[in-house]
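Here are the chains, one letter per residue:
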Amino acid sequence: MKRRAIISVSDKTGLVAFASGLVELGFELISTGGTYKALDEANVPVKYVSEVTGFPEVLDGRVKTLHPLIHGGILARDSVEHREQMEKNGIGFIDLVVVNLYPFRETIAKPGVSFEEAIENIDVGGPTMVRAAAKNHGRVTVLVNPKSYGEVLNVLRETGTVSAGMRKRLAAEAFAHTAEYDRLIAGYLERQLQTLDGFPTTLRLTAQKVQELRYGENPQQKAAFYINSEAPEGSLASGHQLQGKELSYNNWADMDAAWKIVKEFEACAATIIKHSNPCGVALGKTPLEAYQSAFAADPVSAFGGIIAFNRVVDGDCADQIKECFYEVIIAPEFSPEAREILSAKTNLRLFVVRRGDTEKTKQGWMLKSIDGGYLVQEVDRGTTPVSEWDIVTDTKPTEEDLSALDFAWRVVKHVKSNAIVVTNHEQTLGVGAGQMNRVGSVKIAIEQAGDKVKGGYLASDAFFPFPDSVEEAAKAGIRAIVQPGGSIHDASVIEAANRLKMIMVFTHRRHFQH
């Protein structure tokens, strides 16, 4: 009995070569629409689906393959009872189903796409054939990914059949394909509902495994890296590695922290990260200048850190970087000269991430796993612009003061709470991160700043509950403080700042990062 395959694909990568290979192996091909046209024009023998069903495409092509002569051929078992029913009803077995679906993801990603166009790109017949073939994988082989064409052709040529194990694996891939497709559609429709509060009743997540990692945070923990299938350009996961060892779990975590910081600034910026906190952040006229300032902020902690830039790394900057040991460097690009210089450090990972659409990369949700569940929240987008700050003290800031405080405020947003940052106009001087009380973080940041603290600026990610932190800052010589405000003791905190002749501004926005 001649074997039959039905082929209906949106992604026509490798289509003609694969279909030709099937014909050489004795398969009869059935197809629809654009797939039929592509095969016919390539002189690959193929039957139009209507020749099999005896029924034309109807309803603007919405109904083509939804017919018992197609689905009976896919769903039938190789049993006496089913064979009798097939013969009685004139149904032929279909042994191979090759389908990938209308490009719904690409359609809804187009600027200005209409709701009607999106709906017309919801595939019905394709997923139905895929699910039918995957359900009946005991007899039928289903292919949804062109990357599998070569493997299946080779197996058919060598053994004449696809093994049960391979059919099961391909069926699992097929159900994953349709599940992701349905998730995209459900998410799109939910976003059209004006009453939706942003959090669906069912959380739909899909991600593709990119690599297994050597281990997690510790050697006894297994780990892997997955990419969100909807990650926009400009997000860390959209980048690619140029050189160096494979990235580790901790590398990815620190890279995430580093990239988020430099994306915060329009001006040329560099940061050096250790254990998800910045040990140095700085602005500069060039990447070299920004890097040198970030390094000078805490040269001891910089060793073994991860650097991120929001500008192309050039040869001058690479020359300086090579003098210290780092795990990873992230940048929108590396110049040819920089690549050549850094290629000598074969273990150093170079990672390229395009800037992308800043607003798109700020969208979406943040997930945190807890024991048996997930916490979901919106991304903490942007921060309060200087124009919306309140100056709450008698001593008023100059424009220069406000610029320095804005720099400090943007940095402290990315430090683990309780977070305190001491800066000058464009360089961190001291960072107090993750302490159980705020005054403890203040003392650490001041101590780290050393003599440079005098005349500096201090940012706090949340309000000061008592005047003690202000008093510590004044004692060290801090000139101005930026904080959210909102404590029941704000009045006494402001009174302390006035008494100590300090500047204080309130942003009315907290930036906790647990």
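Residues numbered from 1 in each chain as written. Predicted model: local features only at pLDDT ≥ 70, side-chain atom pairs only at ≥ 80, totals over all residues. Heavy atoms only, no water.

The name given to the protein chain in an unreviewed UniProt entry is Bifunctional purine biosynthesis protein PurH, and the organism recorded there is Desulfosporosinus metallidurans. UniProt, in its Sequence similarities (unreviewed entry) section for the protein chain, records the words "Belongs to the PurH family." (UniProt positions renumbered as here; feature names shortened; annotations may be inferred.)

*Asks:* I'd like a rundown of the overall build of the protein chain, residues and numbers included.
*Replies:* Across its full length, the protein chain carries 20 helices and 21 strands. The C-alpha atoms of the protein chain give 30 Å as radius of gyration, which overshoots the globular expectation for 514 residues (24 Å, by more than 25%). If one aligns the C-alpha atoms of the protein chain with their principal axes, the spans along those axes are about 100 × 55 × 40 Å. A fraction of 55% describes how many contacts in the protein chain between residues 6 or more apart in sequence connect residues 24 or more apart. Carbon and sulfur atoms provide 51% of the accessible area of the protein chain, an area that totals close to 25,500 Å². In the protein chain, which carries 57 positive and 65 negative side-chain charges, the distance between the mean positions of the two groups comes to 4 Å. (Helix = DSSP H or I, 4+ residues; strand = E, 2+ residues; numbered from the N terminus. Rg over C-alpha atoms; globule rule 2.2 N^0.38 Å. Contact = heavy atoms within 4.5 Å. Areas by Shrake-Rupley, 256 points an atom, 1.4 Å probe, with all protein chains shown as cover. Lys, Arg positive; Asp, Glu negative; His and termini not counted. Charge placed at Lys NZ, Arg CZ, Asp CG, Glu CD.)

*Asks:* Give me the lowdown on the nonpolar core, citing residues and values where you can.
*Replies:* Within soluble globular proteins, side chains that are nonpolar generally end up buried alongside one another. Leu-236, Trp-252, Met-255, Phe-265, Ile-330 and Phe-351 are the most contacted members of the largest nonpolar core, which has 42 residues in total. Looking at this core element by element, the count peaks at 8 residues for helix H17 (residues 399-412). Residue-level mapping places this core at the junction of two domains, with at least three residues from each of domain 2 (232-352) and domain 3 (386-506). Contact partners of Met-255, with chain neighbours within four places excluded, come to Leu-236, Leu-247, Ile-306, Val-328, Ile-330 and Phe-351. (Core = buried A, V, L, I, M, F, W, Y, C linked by side-chain atoms within 4.5 Å. Buried < 20%, exposed > 50% of the residue type's maximum accessible area, 1.4 Å probe, protein only. Domains from an automatic or database assignment.)

*Asks:* How would you summarise the sheet that holds strand S4 (residues 96-100) if you had to cite specific residues and measurements?
*Replies:* Spatially, S3-S2-S1-S4-S5 is the arrangement adopted by the 5 strands of the open sheet, whose pairing is parallel. Here the strands that pair on one side only, and so sit at the sheet edges, are strand S3 (47-48) and strand S5 (141-143). Note: strand S1 (residues 4-9) against strand S2 (residues 28-31), 4 bridges, orientation parallel. Note on S2: the bridge partner recorded for Ala-5 is Leu-29. (Pairing = 2+ DSSP bridges.)

*Asks:* Can you explain the environment of His-425? Please cite residues and give values.
*Replies:* You can see His-425 is positioned in the loop between strand S17 (420-423) and strand S18 (428-432). Residues His-425 and Ala-282 lie 143 residues apart in sequence; the distance between their C-alpha atoms is 9.1 Å. In contact with His-425, other than residues within four places in its own chain, are Glu-400, Ala-404, Phe-407 and Tyr-457. In this structure the side chain of His-425 is engaged in a polar contact, spanning 3.5 Å, whose partner is the side chain of Tyr-457. (Polar contact = N/O pair within 3.5 Å; in protein donor to acceptor, adjacent residues only side chain to side chain.)

*Asks:* Got a sec to walk through the layout of surface pockets? Specific residues and values, please.
*Replies:* Within this model, the second largest pocket holds a volume of roughly 780 Å³. Lining the second largest pocket are 23 residues; nearest its centre among them are Arg-105, Val-144, His-177, Glu-180 and Gln-208. Among the secondary structure elements, those contributing two or more residues to the lining of the second largest pocket are helix H6 (104-109), helix H10 (164-192) and strand S6 (207-213). Counting residues per element, the lining of the second largest pocket draws most heavily on H10, which supplies 7 residues. (1 Å grid on protein atoms, 1.4 Å probe; cavity = no way out; pocket = protein on both sides within 12 Å on 5 of 7 lines; lining within 4 Å. Points joined across faces, edges and corners; volume = space filled by probe spheres on them.)

*Asks:* Please set out the packing of helix H4 (residues 68-75) against helix H8 (residues 125-135) residue by residue, giving values where relevant.
*Replies:* At their nearest, the axes of H4 and H8 sit 8 Å apart, and the two run at 30° to each other. Between H4 and H8, the interaxial angle falls into the category roughly parallel. Counted together, Ile-70, His-71, Ile-74 and Leu-75 of H4 and Thr-128, Met-129, Ala-132, Ala-133 and Lys-135 of H8 form the full contact between these two elements. (Axes fitted to C-alpha atoms, helices over the stretch in contact; angles between N-to-C directions. Parallel < 35°, antiparallel > 145°, perpendicular 65-115°, else oblique.)

*Asks:* An account of the packing of aromatic side chains is requested, with residue identities and associated values reported.
*Replies:* The full count for this structure, using the stated rule, is 9 aromatic pairs. Seen in terms of ring centroids, Phe-18 and Tyr-149 are 4.3 Å apart; in terms of plane orientation they differ by 10°. Their pairing is stacked. Highlighted residues: Phe-18 in helix H1 (residues 15-24) and Tyr-149 in helix H9 (residues 149-159), separated in sequence by 131 residues. By relative accessible area, which is 2% here, Phe-18 ends up buried. In this structure Tyr-149 comes out as buried when scored by relative accessible area, which is 5%. Note on Phe-265 and Phe-407: the rings are 5.6 Å apart at their centroids and 35° apart in plane angle, and the pair reads as tilted. With Phe-265 in the loop between helix H11 (249-263) and strand S9 (269-274) and Phe-407 in helix H17, this residue pair connects regions lying 142 residues apart in the sequence. Residue Phe-265 is classed as buried on the basis of its relative accessible area of 6%. Residue classification places Phe-407 among the buried residues on the basis of a relative accessible area of 3%. (Phe/Tyr/Trp six-rings, centres within 6.5 Å; stacked < 30°, edge-to-face > 60°.)

*Asks:* Got a sec to walk through the sheet that holds strand S10 (residues 277-283)? Specific residues and values, please.
*Replies:* Two pairing modes exist for strands in a sheet, parallel and antiparallel, and in both the strands are linked by backbone hydrogen bonds. Spatial strand order, S8-S13-S12-S11-S9-S10: 6 strands in an open sheet with mixed pairing. Sheet topology places strand S8 (240-243) and S10 at the edges, where each strand pairs with a single neighbour. This sheet shows a mean twist of 20° between the axes of neighbouring strands, independent of strand direction. Contacting S9, S10, strand S11 (305-309), strand S12 (326-331) and strand S13 (349-352), H11 crosses the sheet at an angle of about 150° to S9. Across the sheet, helix H12 (residues 287-297) is in contact with S9, S10, S11 and S12; its angle to S10 comes to roughly 140°.

*Asks:* Break down the pairing of strand S20 (residues 480-483) for me, with residues and values.
*Replies:* Neither face of S20 is open: one carries Ala-480 and Val-482, the other Ile-481 and Gln-483, and all of them are buried. Taken together, strand S19 (residues 457-460), helix H19 (residues 468-476) and S20 form a β-α-β motif whose crossover is right-handed. Relative to strand S21 (residues 503-506), S20 is paired through 4 bridges, and the arrangement is parallel. Residue pairing for S21: Gln-483 is matched across the bridge by Phe-506. (Right-handed = clockwise from strand over helix to strand, strands pointing away.)

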